[in-house]
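Structural characterization, general
What follows is each chain in one-letter form.
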Amino acid sequence: MNTPFDYLIIGAGAAGMGAAKALRSLDQDSSVAVLSADTYMISRPMLHLYLSHERDEHTLNFMPKGFLENNNVTWFHDCTISSVDPKKKTVAASDGRCFGYKKLLIASGASYCIPPIPGLREAENVYGFRDLIDAVKIDKAAEGAKKAVIIGAGLVGLDVAYALAPRGISVTVVEMADRPLALQFPKEAAGWYQRLFEKAGVRFALNAKVSGAVLDGKTVTSIETEDGTRYDCDFVVVAAGVRPNCGFLQGSGIAVERGIVVDDYLGTSDENIFAAGDAAGLSGTWEAATKQGVCAAHNMVNGKKTIYAEKETVKNAMNYYGLTGISLGMVEAPNNTYREIVKQDEKDYKRLLIRDNIVYGAILLGNITGMPVWQYAIQNGIDLSRTGKEIWDITLQDLKGL
Ligand SMILES: Cc1cc2nc3c(=O)[nH]c(=O)nc-3n(C[C@H](O)[C@H](O)[C@H](O)COP(=O)(O)OP(=O)(O)OC[C@H]3O[C@@H](n4cnc5c(N)ncnc54)[C@H](O)[C@@H]3O)c2cc1C
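As the structure is a computational prediction, the values presented were derived from the model and not from experiment.

The helix and strand tally for the chain stands at nine helices and 22 strands. Relative to a compact globule of 402 residues, whose C-alpha radius of gyration would be 21 Å, the chain shows 22 Å and is just as compact. Across its three principal axes, the chain shows a C-alpha extent of roughly 70 × 60 × 35 Å. Taken across its 402 residues, the chain has 50% of its residues classed as buried. Roughly 18500 Å² of accessible area belongs to the chain as shown, and the carbon and sulfur atoms make up 48% of that amount. Put simply, the chain has 42 plus and 47 minus side-chain charges, and the middle of one group is 2 Å from the middle of the other.

Written as C-alpha cells, this is what we have:
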C-alpha cells in the first residue's frame, strides 16, 4: 500500500469531481486522489451525444482541460473498488491494489436496473444506459436497426429516443405514467415535450406497463404490455430506475439503507468517511450531486460545519428540440390546499405551485429567466404577499430586499 492520501475519492462523476475541485481550492498542500471504475471521465447528461455521433469518449469529458495535472490530483481509472475497511482506513480494488486514506468520500453513483420482467434479463439485445460502455453497445445495436423500444420516459429514456430517432430508427417509448418526464413535470407541461418528440417521429405508449418480452432465442423481438399490445423491436433500452452503487460496502460496518446513510453534513456512520451524489440517494441530478460533493469536501477539510440544505429544492434542467425546461421543487400538489398559477403563450409556459402565498414548486418552459427568482423563493420559503407585487412581476431583488 502507498502512503495514505489525505483525501481519497471513489468515483469520477459529478459528486467526485465536484469534491476534488473543492478540496484542492480549500487545501492546496494535501494529497488528493480519485479512483474510478471508468476509463474516461464522462458527463452522463451528455452521454446520448455519443449515440448521435456528436461527441466521443474524449469530448464527453466534463472537466476543464488539464484539471488533474494543474491541480495535482491523481486519478486511478479502470480501478473498481471491491471493499472498504474503515478500521484500517483502506480501500481495496478488485485487481489487488490497496489505497490508504485519512478522509474518504464515496461518490460511486448508481447503476441501472433491469426489472424482473420475464425475458428481459436473459436477453442479449436489452441494454441499460448509464456508462460509456452502454452507449458503445447501443451504438452497435443501432447500426442497421429499424425499430427500438425504450422502457421509461424519464430523462434517460428521452435522451436515448432523442439520439436514436434521427438515425432513422422507429422508436417507441413505453411508460407506466400518463406522461413523459413524470418526475419533472405535471401533465400539461410534459405535453409540451411529448408533442416535440412526436413531431420528430417518436411514439409514446403511456399508462402502459411492460409485462413480458417475446424472445427468439436470446433476442427480444417484441415487448408486450399488460393490455396485450406488442411493440416489435430490434433492441430494447431499459431506462426505468437506478440503484445506488454501494455493494462494496458490505461487511464494512458503514450504514446503508436504500443508499449510503448520511447525516446533514453528508457524513456516513464512520467519522472519516463521507458520501455524496447518487450513491447517497438524496437526489438523482447532476447539479445536486456536484453540490453534495462540494459540501462534503468542506466538511472533510474543516470538520462538520457545512450543512447540505438543498434536499427539498431539487432542480432539473433539460433542453430537447430547442425547448429549455426547468423544474424546481415540488412537481405535483400532495393535496388540495395548494393552488396552481399558470401563465403561457405559444412559446413559453410557467407554472407555480403555491400554498399560503409560499411557492413550493416552479416550472418554466421556453423563457427560463425567472429561475433564480423562484429558486430563491422556494429555498427560503418566502411569503410572496410581502413583496406587495403581482406574482409575475416579482424580481429577485424584491425577494432579497425583504
Ligand atoms: C443518461 C443519463 C442522462 C442524465 N441526464 C441528466 C440531466 O439531464 N440532468 C441531470 O441533472 N441529471 C441527469 N442525469 C443524472 C446524473 O447524471 C446523475 O445524477 C449524476 O451523474 C450523479 O453523479 P454521481 O457523481 O453521484 O455519480 P456518477 O456521475 O454516476 O459517477 C459515479 C462514479 O463512480 C464510479 N464508480 C462506481 N462504482 C465504482 C466502484 N465500485 N469502484 C470505483 N469506481 C466506481 C463510476 O465509474 C463513476 O466514475 C442523467 C443520468 C444518465 C445516466
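That covers the picture; the talk isn't over yet.
The buried count for strand S1 (residues 5–10) comes to six of six residues, which makes it a mostly enclosed element. Relative to strand S6 (residues 98–106), S1 is paired through five bridges, and the arrangement is parallel. What sits directly across from phenylalanine 5, in S6, is tyrosine 101. Of the strand pairs in this sheet, S1 and strand S2 (residues 32–35) are connected by four bridges, and their pairing is parallel. Counted as the bridge partner of isoleucine 10 is leucine 35 from S2.

With a phi close to 65°, leucine 266 is a non-glycine residue in the positive phi region. Even without being a glycine, tyrosine 321 presents a positive backbone phi close to 55°. Tracing the sequence through the fold places tyrosine 321 in the loop between strand S18 (315–320) and strand S19 (323–329).

What follows concerns the domain arrangement of the chain. Along its sequence, the chain is carved into domain 1 (5–111 + 242–302), domain 2 (126–238) and domain 3 (314–400). Taking only C-alpha atoms into account, the centre of domain 1 sits 32 Å from that of domain 3.

Let's shift gears to the pattern of salt bridges. The final tally for this structure, using the stated rule, is 14 salt bridges. Where arginine 44 meets aspartate 131, a salt bridge forms, and the shortest distance between an N and an O atom there is 2.7 Å. Of this pair, arginine 44 sits in the loop between S2 and helix H2 (48–51) while aspartate 131 sits in the loop between strand S8 (126–127) and helix H4 (132–142), placing them 87 residues apart in sequence. A salt bridge links arginine 130 to aspartate 278; the nearest nitrogen and oxygen atoms lie 3.1 Å apart. Of this pair, arginine 130 sits in the loop between S8 and H4 while aspartate 278 sits in the loop between strand S17 (273–275) and helix H7 (286–302), and the two are 148 residues apart along the sequence. Pair check on accessibility: arginine 130 and aspartate 278 agree, each one buried. In the salt-bridge network here, residues are joined through shared partners; they are Asp38, Arg44 and Asp131.

Further remarks concern the sheet that holds strand S13 (residues 219–225). As summarised here, the arrangement of the three strands in space is S12-S13-S14, forming an open sheet in which the pairing is antiparallel. Strands with a single pairing partner mark the edges of an open sheet, and in this sheet they are strand S12 (210–216) and strand S14 (230–232). With strand direction ignored, the average angle separating the axes of adjacent strands in the sheet is 30°. As paired elements, S13 and S14 share three bridges and run antiparallel to each other. In the strand pairing of S14, serine 222 is matched with aspartate 232.

The full set close to the ligand counts 31 residues, and Ala15, Asp38, Ile81, Arg130 and Asp278 are the nearest of them. The backbone of alanine 15 places a nitrogen or oxygen atom 2.8 Å from an oxygen atom of the ligand. Side-chain polar atom of arginine 44 to an oxygen atom of the ligand: 2.9 Å apart, as the coordinates give it. Relative to its unbound accessible surface of 1000 Å², the ligand loses 92% to contact with the protein.

Attention shifts here to the environment of threonine 337. As for its position among the elements, threonine 337 is in the loop between S19 and strand S20 (339–344). Once the C-alpha coordinates of threonine 337 and isoleucine 354 are considered, the two residues, 17 residues apart in sequence, prove to be 8.8 Å apart. Among residues more than four places away in sequence, those in contact with threonine 337 are Ile354 and Arg355. Of the polar contacts made by the side chain of threonine 337, one reaches the side chain of asparagine 335; its length is 2.5 Å.

Analysis parameters
- Residues numbered from 1 in each chain as written.
- Predicted model: local features only at pLDDT ≥ 70, side-chain atom pairs only at ≥ 80, totals over all residues.
- Heavy atoms only, no water.
- Helix = DSSP H or I, 4+ residues; strand = E, 2+ residues; numbered from the N terminus.
- Rg over C-alpha atoms; globule rule 2.2 N^0.38 Å.
- Buried < 20%, exposed > 50% of the residue type's maximum accessible area, 1.4 Å probe, protein only.
- Areas by Shrake-Rupley, 256 points an atom, 1.4 Å probe, with all protein chains shown as cover.
- Lys, Arg positive; Asp, Glu negative; His and termini not counted.
- Charge placed at Lys NZ, Arg CZ, Asp CG, Glu CD.
- Pairing = 2+ DSSP bridges.
- Domains from an automatic or database assignment.
- Salt bridge = Lys/Arg side-chain N within 4 Å of Asp/Glu carboxyl O.
- Axes fitted to C-alpha atoms, helices over the stretch in contact; angles between N-to-C directions.
- Near = heavy atom within 4 Å.
- Polar contact = N/O pair within 3.5 Å; in protein donor to acceptor, adjacent residues only side chain to side chain.
- Contact = heavy atoms within 4.5 Å.

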